[in-house]
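Residue-level structural notes
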Amino acid sequence: MTTLSEVARLAGVTSATVSNVLRQRGKVGEQTRQRVLEAVAQLGYRPHLTARALAEGRAPTLALVVSSIANPFYPEFALAAERAARERGRFLIVCNTNDDPDTGRAYLDQIAGTLSDGVLIMNANLPMDELKKTEQRGAPVVLCMWEKPDAPPELPCIAVDFFAAGAIAAQHLVGLGHRHIGALVGSKKSGIHAERYRGFVEACAAAGIKHTLQRTRYIGDTVESGYQATMTLLREEPQLTAIFASNDLPALGAMNAIADLGLNVPRDISVTGITDIQWARVSRPALTTVAVPTEEAARMSIDLLLALIEGRSPSPVMRVTATPQLVQRASTAAPRKDFPSAFS
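Just so you know, these numbers come straight off a predicted model, no measurement behind them. (Residues numbered from 1 in each chain as written. Predicted model: local features only at pLDDT ≥ 70, side-chain atom pairs only at ≥ 80, totals over all residues. Heavy atoms only, no water.)

1. Observations concerning the pattern of salt bridges
Put simply, the rule is: Salt bridges are counted wherever a side-chain nitrogen of Lys or Arg sits within 4 Å of a carboxyl oxygen of Asp or Glu. Note on conventions: DSSP H or I runs of at least 4 residues are helices, E runs of at least 2 residues are strands, and numbering of each starts at the N terminus. Note on classification: 1.4 Å probe, protein chains only; a residue is buried when its accessible area is under 20% of the maximum for its type, exposed when over 50%, partly exposed between these limits.
Throughout the structure, instances matching the rule amount to 23 salt bridges. Here Glu82 ties to Arg86 by a salt bridge, and the two come within 2.8 Å at their closest N and O atoms. Taken as a pair, Glu82 and Arg86 lie in helix H5 (residues 73-87) at a separation of four residues, close to a single helical turn. Measuring nitrogen to oxygen at the nearest pair gives 2.7 Å for the salt bridge that ties Asp268 to Arg336. You can see Asp268 sitting in the loop between helix H11 (248-260) and strand E9 (270-275) and its partner Arg336 sitting in the segment after strand E12 (325-327), a full 68 residues away along the chain. Here Asp268 falls in the buried class, since its relative accessible area comes to 3%. Overlapping salt bridges, with partners in common, bring together Arg83, Glu87, Arg88, Glu295, Arg299 and Asp303 in one network.

Written as structure tokens, this is what we have:
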């Protein structure tokens, strides 16, 4: 295997100069830089990442810990984060906990500060104390897609105004003329989707519509949960003309249930979600949803984590993304005056 010293000898420079050229740092003249790159190409030199990590006392990788890689939102976020990390000369390890806190703790113990220089956390059900211990061991932690910009956590985070997302969804349905709206909340009452639901309820109230708990279902954040909840919700509340879901997966399940009941989306019942995953764009009908700035949040997360690693940012710190935006597609329309309930 070719070494850095061999490249330096062939180029007629020091090993430090070769290192500066490859890492694009320090002041190196253009002729010298070209000579080094030609030597690298001629010898087929590839940096030894483990040796570099030992020499510099840091790992070349960052870690992203997610609760379930089966949720299509997380791969979309991971793709954007990996691209941002690679552009900054880092690699990204994706760690899937399968909603198991013990698995998440094992990842933190085994990779933080060793295999990874810092950690991004996304809804991994890990206690704040555990994450703070990781930070105290010297591996910065950034919480991604924090849902409460008005209540910063004890750790650095990238926040998204999900309260606004819920309000935007409600305003859209109310603006179309809907007054009987069901809600599917993809978490427990105090769970991660609570702010989305609160935004929805308060926007309805501002429009003079009192949303009752009997029209709400707290469910899992899955297509199947959305399907089953919609089946029972429409049996118990047949007057509903629209369904708000706190995420796209339950919304897609709701559309499947409505179709199986012999009803049409949006002619009979409108459906809207939050996030704007790829499935929302390719479903039929395409799902109206409130898009969150996923790629922006991923890039901001990488930037903040690197700033913390390099000592360029105070801790704790919170940065907020752009406001979510409505994406109106084919799953919402004005309510029919002669709504044909499947259970009437």
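2. A look at the environment of Arg312
To be explicit about the condition: Any pair of residues with heavy atoms lying within 4.5 Å of one another is described as a contacting pair. Distance and chemistry together define a polar contact, namely a pair of N or O atoms within 3.5 Å, with one atom able to donate a hydrogen and the other to accept it when in protein, and with adjacent residues in sequence counting only for side-chain atoms on both sides.
With respect to the helices and strands, Arg312 occurs in the loop between helix H13 (294-309) and strand E11 (318-320). Exposure remark for Arg312: the relative accessible area of 55% places this residue in the exposed category. Taking the C-alpha atoms as reference points, Arg312 and Gly186, 126 residues apart in sequence, are found 37 Å from one another. Apart from the residues within four sequence positions on either side, Arg312 is in contact with Leu306 and Ala307. A polar side-chain atom of Arg312 sits 2.8 Å from a polar atom in the side chain of Glu310.

3. Observations regarding the sheet that holds strand E7 (residues 216-218)
Under the convention used in this document: Strand pairing follows a simple DSSP-based rule, namely that at least 2 bridges must link the two strands. As a rule, the C-alpha atoms of each element are fitted with a line to give its axis, helices using only the stretch in contact, and angles between N-to-C directions run from 0 to 180 degrees.
Ordered by their spatial adjacency, six strands build an open sheet running E7-E6-E8-E9-E10-E12, and the pairing between neighbours is mixed. The open sheet has two free edges, formed respectively by E7 and E12, since each of these has just one partner strand. For this sheet the average axis-to-axis angle between neighbouring strands, irrespective of direction, equals 20 degrees. Strand direction decides the pairing type here: strand E6 (residues 181-185) and strand E8 (residues 242-245), joined by four bridges, are parallel. Bridging across to E8, Ala183 finds its partner in Phe244. Against the sheet, helix H8 (residues 162-176) contacts E6, E8, E9, strand E10 (288-291) and E12, and its axis sits at roughly 160 degrees relative to E9.

4. Observations regarding the sheet that holds strand E5 (residues 157-159)
Overall, parallel pairing links the six strands, which are arranged E2-E1-E3-E4-E5-E11 in an open sheet. Looking at which strands have only one partner, the edges of the open sheet turn out to be strand E2 (91-96) and E11. Across the sheet, the mean angle from the axis of one strand to that of its neighbour is 20 degrees, orientation sign disregarded. Note that strand E3 (residues 119-122) and strand E4 (residues 141-146) share three bridges and pair parallel. The residue of E4 that forms the bridge with Ile121 is Leu143. Packed onto the sheet, helix H6 (residues 101-111) meets strand E1 (61-66), E2 and E3 and runs at close to 150 degrees relative to E2. Taken strand by strand, H13 contacts E1, E3, E4, E5 and E11, and its axis lies near 160 degrees from that of E4.

5. Quick notes on the packing of H8 against helix H9 (residues 194-206)
Which entries qualify depends on this criterion: Between 65 and 115 degrees an angle is taken as roughly perpendicular, under 35 as roughly parallel, over 145 as roughly antiparallel, and anywhere else as oblique. Each crossing is labelled by how the near helix is turned from the far one, with a counterclockwise turn of less than a right angle marking it left-handed and a clockwise turn marking it right-handed. Three classes are used, and their members are as follows: Ala, Val, Leu, Ile, Met, Phe, Trp, Tyr, Cys and Pro are nonpolar, Asp, Glu, Lys and Arg are charged, and the others, Gly among them, are polar.
Where H8 contacts H9, the two axes come as close as 6 Å, and the packing angle between them is 40 degrees. Between H8 and H9, the interaxial angle falls into the category oblique. Between H8 and H9 lies a crossing whose hand is right-handed. Facing H8, whose interface residues are Phe162, Phe163, Gly166, Ala167, Ala170 and Gln171, H9 presents Glu195, Arg196, Arg198, Gly199, Phe200, Glu202, Ala203 and Cys204. A per-class count over the contact of H8 with H9 returns seven nonpolar, three polar and four charged.

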